[in-house]
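Notes for the structure review
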Amino acid sequence: GVEFVSDNPPLTPALLDALDGTVTSCAVAIAETGTIVLDGGESQGRRVLTLVPDYHLVVVPRSRVVPSVPAAIARLEATRPLTWISGPSATSDIELQRIEGVHGPRTLEVVLVR
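Computed from a predicted model, the values in this text were never measured in an experiment.

The next thing to look at is the overall build of the protein. Across its full length, the protein holds two helices and nine strands. Along the protein, from the amino end to the carboxyl end, the secondary structure elements read α-β-β-β-β-β-α-β-β-β-β. Burial analysis of the protein (114 residues in total) assigns 28% to the buried set. Within the protein, counting contacts between residues at least 6 apart in sequence, those at least 24 apart form 68% of the total. If you sum the accessible surface of the protein, you get close to 7700 Å²; carbon and sulfur atoms cover 55% of it. Where the 9 positive side-chain charges of the protein centre and where its 13 negative ones centre are 9 Å apart.

Structurally, the position occupied by S68 is in the loop between strand 5 (65–66) and helix 2 (69–75). On the basis of relative accessible area, S68 is assigned to the buried category, the value being 18%. With sequence-adjacent residues up to four places away left out, S68 is seen in contact with I30 and E32.

What follows covers the environment of T35. One can find T35 in strand 3 (residues 35–38). C-alpha separation for the pair T35 and R47, spaced twelve residues apart in sequence, amounts to 16 Å. Those residues in contact with T35 that lie beyond four places of it in its chain are V28, A29, I30, W84, I85 and S86. A polar atom in the side chain of T35 sits 2.7 Å from the side chain of S86.

In this section: the pairing of strand 3. Of the two faces of strand 3, the one holding T35 and V37 and the one holding I36 and L38 are both buried throughout. As judged from the three bridges shared by strand 2 (residues 28–30) and strand 3, these two strands associate in the antiparallel manner. Residue pairing in the sheet places A29 in a bridge with I36 of strand 3. Remark: four residues form the turn of the hairpin made by strand 2 and strand 3, two consecutive strands paired antiparallel; G34 in that turn has positive phi of roughly 75°. Pairing between strand 3 and strand 6 (residues 83–85): three bridges, direction antiparallel.

Analysis parameters
- Each chain has its residues counted from 1, following the order in which its sequence is written.
- Since the coordinates come from a predicted model, pLDDT governs what is reported: local features require at least 70, and pairs of side-chain atoms require 80 or more to be given and counted, while whole-chain, interface and lining totals use all residues.
- Excluded from the side-chain calculations are hydrogens and water; all other atoms, namely the structure's heavy atoms, are used.
- Working definition: helices are DSSP H or I runs of at least four residues, strands are E runs of at least two. Numbering for both runs from the N terminus.
- Only protein chains enter the accessibility calculation, which uses a 1.4 Å probe; a residue is then buried when its area is under 20% of its type maximum, exposed when over 50%, and partly exposed in between.
- Contacts: residue pairs with any heavy atoms within 4.5 Å of one another.
- Surface accessibility follows the Shrake-Rupley procedure with a 1.4 Å probe radius. Residue values consider only the protein chains on display as shielding.
- Working convention for charge: Lys and Arg count positive, Asp and Glu count negative, and His plus the chain ends are omitted.
- A charge is said to be at NZ when it belongs to Lys, at CZ for Arg, at CG for Asp and at CD for Glu.
- Two N or O atoms count as a polar contact when they lie within 3.5 Å, although within protein this holds only if one can serve as hydrogen donor and the other as acceptor, and sequence-adjacent residues are included solely when both atoms are side-chain atoms.
- Paired strands, as defined in this entry, are two strands with at least two bridges between them according to DSSP.

Purely geometric numbers; function is a separate question.
Shown next, in the form of structure tokens:
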């Protein structure tokens with residue numbers, strides 16, 4: 001019952017919004033903070049793929065897990081667009097009412113593989 005959809009040619013935001021979710025990998029995962037870093041690499045695709053669908057599954061090879069933020073920075077290329085995911089997006093309105101889930105998927109799951 002699972003249908004895989006390719007992003008080639010690139011899907012429109014409306015088509016991405018109609019999908020149940022997306023599956024990507026990451027550039028690096030940080031053990032200390034639980035942060036996932038995306039850099040638009042081949043296993044991740046365009047940034048919009050991880051922001052529009054309501055569900056995002058990140059498959060993390062164990063070799064991409066580093067202990068700390070400095071170790072992650074050492075592995076990343078500063079010339080690539082980086083998205084750091086450390087928790088739900090949030091903002092506050094003018095009355096300082098905190099609202100979570102402002103943008104990005106409603107559900108993020110991470111699977112660590114050997």
